[in-house]
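Single-letter residue listing:
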Amino acid sequence: MQTITKKLMAPIVATAFLASAAMAEELSFAHFVPPAHIITSSVVEPLSAALAAASNNDLSVRVYPGGELGPGPVEQYSRVVQGVADMAWGLAGYNSQQFPLSMIIELPGVVDAAGVGEGYKAMWRAYNEYLTGEFPGTRAIALWTSEPNVLIMRDKDVRTPDDVKGLKIRVSGAFPAQVIEALGATPVQMPANEMYNAMQTGLIDGIMTGGSAIQDFKINEVARSYTTGASLGNILFYVVMNEARYQGLSDAQKAAIDASVGEALSASGEAGWNKRANETIAMLKADASKTVIELSADEAAAFNALTLAVTDKVVADLDGQGLPATAVKAAMIGK
């Protein structure tokens, strides 16, 4: 009798296991950089671990790095909207027109006023009150900022704004472009994965971006001089998820996602970027073939007089277009 019972129960147990396995969900995560990029350790891996724990392994993440779901950093957001990927990482600056209010966080002085290392908190304060409309078809699951921007030069030392005049400087978006214009240089907008070749061939004279990008994109191979300490702004990053995909999950799966994302995931991303930047600058200082210029307070003030004025102008211009830019900035800096 016991043998018969075991034989009868075996297919029932197997069927229950298969049903459970069939209900498990795999979420695709797209990005445009190699797996060794800081996005993996600071965002993708923490997200995967948190989802597995919160869902009892009912949710998993499958990563498609290096543009496997379609090339082009600019198209990452649209791939999520179209359902090509369930989630994607991107930079708001690549689609500047879509994110006019969100990109206020990139302006000189805003993250400084919010608190260094707390750009993600500033973004979430503003997102919850003002910015959800800039993320149509998706929900933001991580928002954070890079470490402060630095000037990365092919072969010229920069100690004053005059040293930048007339040069071609790569930027990531429209607002950083205005910062470079204020310094008297010509901004060249291009995705990060094009920086190396542009610097190597002389298409650009320098780059304005966060220090973490130097190693991630091997810019140290083609740049000799690095200037830190000026108020040049930061870069806004996002991870978004297709809203319809989220809504199609079970209540338990949605709860697991809600528990795994938001400020905690954003804090991990920001900490990872800052750590990589600090390590990179230290590496450059130890390299006798590189020049790292740390501006004094007086030297930085000459830059800041020009760059901080850009922030005031951009906010005033957006207010003039009927957008609540002043209110968004106040929310970001907590005032």
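Residues numbered from 1 in each chain as written. Predicted model: local features only at pLDDT ≥ 70, side-chain atom pairs only at ≥ 80, totals over all residues. Heavy atoms only, no water.

Engineer: For this particular structure, what's the right way to read the pattern of salt bridges?
Structural biologist: When the charged atoms of two side chains with opposite charge come close together, those side chains can pair. Summed over the entire model, instances satisfying the criterion amount to 11 salt bridges. With a closest N to O distance of 3.2 Å, arginine 224 and aspartate 157 form a salt bridge. Placement of the pair is arginine 224 in the loop between helix 8 (212-216) and strand 9 (225-228) and aspartate 157 in the loop between strand 5 (149-153) and strand 6 (168-171), with a sequence separation of 67 residues. Arginine 224 gets classed as partly exposed once you look at its relative accessible area, which sits at 29%. (Salt bridge = Lys/Arg side-chain N within 4 Å of Asp/Glu carboxyl O. Helix = DSSP H or I, 4+ residues; strand = E, 2+ residues; numbered from the N terminus. Buried < 20%, exposed > 50% of the residue type's maximum accessible area, 1.4 Å probe, protein only.)

Engineer: Sorry if this is basic, but what is going on with helix 2 (residues 38-54) here?
Structural biologist: In an α-helix there are 3.6 residues to a turn, and that puts residues three or four apart on one side. In a regular helix each residue adds 1.5 Å, so 17 residues correspond to 24 Å; helix 2 covers 24 Å between its end C-alpha atoms and thus fits that length. At valine 44, helix 2 shows its strongest bend, of approximately 30°, with the proline proline 46 following within four residues. Buried within helix 2 are the following residues: Ile38, Ile39, Thr40, Ser42, Val43, Val44, Leu47 and Leu51. Directly after helix 2, the chain includes asparagine 56, whose backbone phi takes a positive value near 55°. (Expected span 1.5 Å × (residues − 1). Bend = angle between axes of the 7 residues up to and from the residue.)

Engineer: Help me understand unusual backbone geometry in this model?
Structural biologist: For residues other than glycine, phi is negative in most cases, and the peptide bonds are mostly trans. Residue asparagine 56 is not a glycine yet carries a positive backbone phi of 55°. Assignment of secondary structure puts asparagine 56 in the loop between helix 2 and strand 2 (59-64). Of note, the phi angle at lysine 218 is positive, near 60°, even though the residue is not glycine. Along the chain, lysine 218 falls in the loop between helix 8 and strand 9.

Engineer: Honestly, the sheet that holds strand 6 in this entry has me stumped. Any pointers?
Structural biologist: Whether parallel or antiparallel, the strands of a sheet pair through hydrogen bonds between backbone atoms. If you trace the six strands from one edge of the open sheet to the other, you get 7-6-8-5-9-11, paired in mixed fashion. Of all strands in the sheet, those with a lone pairing partner are strand 7 (186-189) and strand 11 (291-294), marking the two edges. Direction aside, the axes of adjacent strands within the sheet are offset by 25° on average. The pairing of strand 5 with strand 9 spans three bridges and is classified as antiparallel. (Pairing = 2+ DSSP bridges. Axes fitted to C-alpha atoms, helices over the stretch in contact; angles between N-to-C directions.)

Engineer: How do you make sense of the pairing of strand 4 (residues 138-145) when you look at a structure like this?
Structural biologist: Strand 4 sits mainly inside the fold: seven of its eight residues count as buried. In the sheet, strand 4 pairs with strand 10 (residues 236-242) via seven bridges, with the strands oriented antiparallel. Within the sheet, the bridge partner assigned to alanine 140 lies in strand 10 and is valine 240.

Engineer: What am I meant to see in the sheet that holds strand 2 here?
Structural biologist: Ordered by their spatial adjacency, five strands build an open sheet running 2-1-3-10-4, and the pairing between neighbours is mixed. The sheet terminates laterally at strand 2 and strand 4, the two strands that pair on one side only. Sheet twist, expressed as the average angle between the axes of neighbouring strands with direction ignored, equals 25°. For strand 3 (residues 87-91) and strand 10, the ladder comprises five bridges, and the chain directions are antiparallel. Bridge assignment links glycine 90 to a residue of strand 10, and that residue is tyrosine 238. Here helix 10 (residues 251-260) sits on the sheet in contact with strand 1 (25-30), strand 2, strand 4 and strand 10, set at roughly 60° to strand 2. (Contact = heavy atoms within 4.5 Å.)

Engineer: Would you take a moment to explain the packing of helix 6 (residues 174-182) against helix 12 (residues 297-320) for this structure?
Structural biologist: Two numbers describe a pair of packed helices, the interaxial angle and the distance between the axes. Two elements in contact, helix 6 and helix 12, have axes separated by 9 Å at closest approach and are oriented at 135°. Our classification of the angle between helix 6 and helix 12 gives oblique. Here helix 6 and helix 12 pass one another in a crossing that is right-handed. Contact residues: helix 6 offers Phe175, Gln178, Val179 and Ala182, while helix 12 offers Leu306, Thr307, Val310, Val314 and Leu318. (Parallel < 35°, antiparallel > 145°, perpendicular 65-115°, else oblique. Left-handed = near helix turned anticlockwise from the far one by under 90°.)

Engineer: How should I be thinking about the environment of glutamine 76 in this particular structure?
Structural biologist: Within the element layout of this structure, glutamine 76 appears in helix 3 (residues 76-81). With 152 residues separating them in the primary sequence, glutamine 76 and threonine 228 have C-alpha atoms 30 Å apart.

Engineer: In this structure, what is going on with the packing of aromatic side chains? I would like to understand it.
Structural biologist: The geometry of an aromatic ring pair is captured by two quantities: the separation of the ring centres and the angle between the planes. Counted under the stated rule, the structure contains 15 aromatic pairs. Between tyrosine 127 and phenylalanine 135 the ring centres are 5.5 Å apart and the planes differ by 80°, which places this aromatic pair in the edge-to-face class. A single burial state applies to tyrosine 127 and to phenylalanine 135, both of which are buried. Three or more aromatic residues link up through ring pairs in this structure, and these residues are Phe32, Trp89, Tyr94, Trp144, Phe237 and Trp273. In this structure, arginine 139 packs its charged tip against the face of tyrosine 246, placed 3.7 Å from the ring centre. (Phe/Tyr/Trp six-rings, centres within 6.5 Å; stacked < 30°, edge-to-face > 60°. Lys NZ or Arg CZ within 6 Å of the ring centre and 35° of its normal.)

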